[in-house]
Structures are given as structure tokens and as C-alpha cells.
Amino acid sequence: MLFPREVLPSLLHLTPAWLKARGLKGVILDLDNTLLPYGEGDLPEAYRAWLSDLKGAVPVYLLSNALPERFARVQRLLDLPGHAPALKPWFGFRKALKALGLPAREVAAVGDQVFTDVLGGNLVGAYTVLVPPLREQEFFYTRFIRMLEAPFRRPRGGVTTQACRPSGREGAGRLSWTPGASRTRSCSGPWNGTGRWG
């Protein structure tokens, strides 16, 4: 229940073509440290382009444990359906699936935390995808949770995932992104499963 189906080196690697290849038709997306660096209210440009491309291909539902005031501000900015606080992992995912109108097996549940995003998605039978957190500066509690998550930050079955070292605050790696174009990256080591790039 704690292992994701796949681990990606960056959220930007989750493209319409990637989803289609796996038979996925919708996305449940976490907010803080997945789509947006914690505490910030605006998307980096690369993520704006990525999200626009994704929304044009599949329905996206924003599911977060964030405070309702912050979530409402970001939700208006992104123009996405969703709700918060969702109380993940135990609640929220079935409501999201109902809103998307899709069976769980056709939905990717995407986030940066094992004990909320991955566990919650696995409990409802979604295709769980773990991405690295966008920012390492977090509350002490979250840093402690990251340590506990370390053994599970790999795909089910122990498949090694190549990853790009993050450059800058976005944590997206050296990844260039143009809507509708191919993605290129410069990789220099594997994701080491500890919350850092190795």
C-alpha cells in the first residue's frame, strides 16, 4: 500500500503521452511541494506551460491538505476543480474520482508524499505516481516524515528510476519544456529515495 506504481524525476515528465501509454485518462494532483513550492502562490513558468498542456488533454482535479484560504487562492489562479483540506490519505480521493467521472484504474494520483498521496491513491485503486518535493525547506514534522518514507520512495518491485539533478527552486531538473514539443533532460544520477538527488 505504501509503494507507488511509478516514481518520476520531475512532475514535468507526466505528460499526456505518458498518461496515454498507460491507459490513464485523468489526474488527481497534489498541491504543495508537488505543483507549487510550499508557501508560494504562483507557478513557475515551466509548470504553467506543463499544466496548460495537461489540462488540454485530460481532466485534472486538485486534492490537497492545505488550509482552505490558501487553497482557494491557488485554485482560482489555476482554474482547476478540487477541494481542501482533503484529510488525505483517508478521505478525499473518492470524491475526486467522482468529480472526474472515471474509474480509479484510469486515474493517476500524483504527489510528493508517501503517507498521504501514495497511500491514499493506493487505497482507492488509482495509479499512484510519486514525484520529488519541489523544496527541501520544510517543517520539522515533514522532514521527519520524509525520513520514514525513504524505504518506500521507489516503484513497487524496486525498479530503479533515473533522475535529473534539480537546478533552482522549482526542483524540475535541467528540463526544457515547450508545449507539444519533446522533453529533454540532462541526467547525472539516480533518485536515491531519501528526499535528495544522489
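Visitor: Now, about the overall build of the chain: what can you tell me, with residues and values included?
Guide: In terms of helices and strands, the chain carries 6 helices and 10 strands. For the chain, buried positions account for 53% of its 198 residues.

Visitor: So what's going on with the environment of R105? Which residues, and what values?
Guide: Turning to its location among the elements, R105 is positioned in the loop between α4 (93-100) and β5 (107-111). Distance in space between the C-alpha atoms of R105 and T128 is 9.8 Å, their sequence separation being 23 residues. With near-sequence residues (within four places) excluded, R105 lies in contact with L24 and G125.

Visitor: Tell me what's going on with the nonpolar core, and back it up with residues and numbers.
Guide: The biggest cluster of nonpolar side chains holds 32 residues, and the ones touching the most others in it are L14, V27 and L35. Of all elements in the fold, only α1 (16-21), β2 (26-29), α2 (45-55), β3 (60-63), α3 (68-78), β5 and β6 (127-130) reach the threshold of two or more residues within this core. With 4 residues, α2 is the single largest residue contributor to this core. Excluding its chain neighbours within four sequence positions, the residues that come into contact with L35 are L11, L29, D30, L43, Y47, W50, L51, L62, L78 and L134. With 14 residues, the next largest nonpolar core counts Y61, L97, A109 and V124 among its residues.

Visitor: Would you mind going over the sheet that holds strand β4 (residues 82-83) in detail, with residue names and values included?
Guide: Hydrogen bonds between backbone atoms are what pair the strands of a sheet, whose relative direction is either parallel or antiparallel. Overall, parallel pairing links the 6 strands, which are arranged β1-β6-β5-β2-β3-β4 in an open sheet. At either margin of the open sheet sits one strand with a lone partner, and together these are β1 (6-7) and β4. The sheet contact formed by β2 and β5 spans 4 bridges and is parallel. Bridge pairing links G26 to V107 in β5. The strands touched by helix α5 (residues 114-124) are β5 and β6; relative to β6, the strand with the most contacts, the crossing angle is about 165 degrees.

Conventions and cut-offs
Residues numbered from 1 in each chain as written. Predicted model: local features only at pLDDT ≥ 70, side-chain atom pairs only at ≥ 80, totals over all residues. Heavy atoms only, no water. Helix = DSSP H or I, 4+ residues; strand = E, 2+ residues; numbered from the N terminus. Buried < 20%, exposed > 50% of the residue type's maximum accessible area, 1.4 Å probe, protein only. Contact = heavy atoms within 4.5 Å. Core = buried A, V, L, I, M, F, W, Y, C linked by side-chain atoms within 4.5 Å. Pairing = 2+ DSSP bridges. Axes fitted to C-alpha atoms, helices over the stretch in contact; angles between N-to-C directions.

By themselves, these are just geometric observations and shouldn't be taken as functional.
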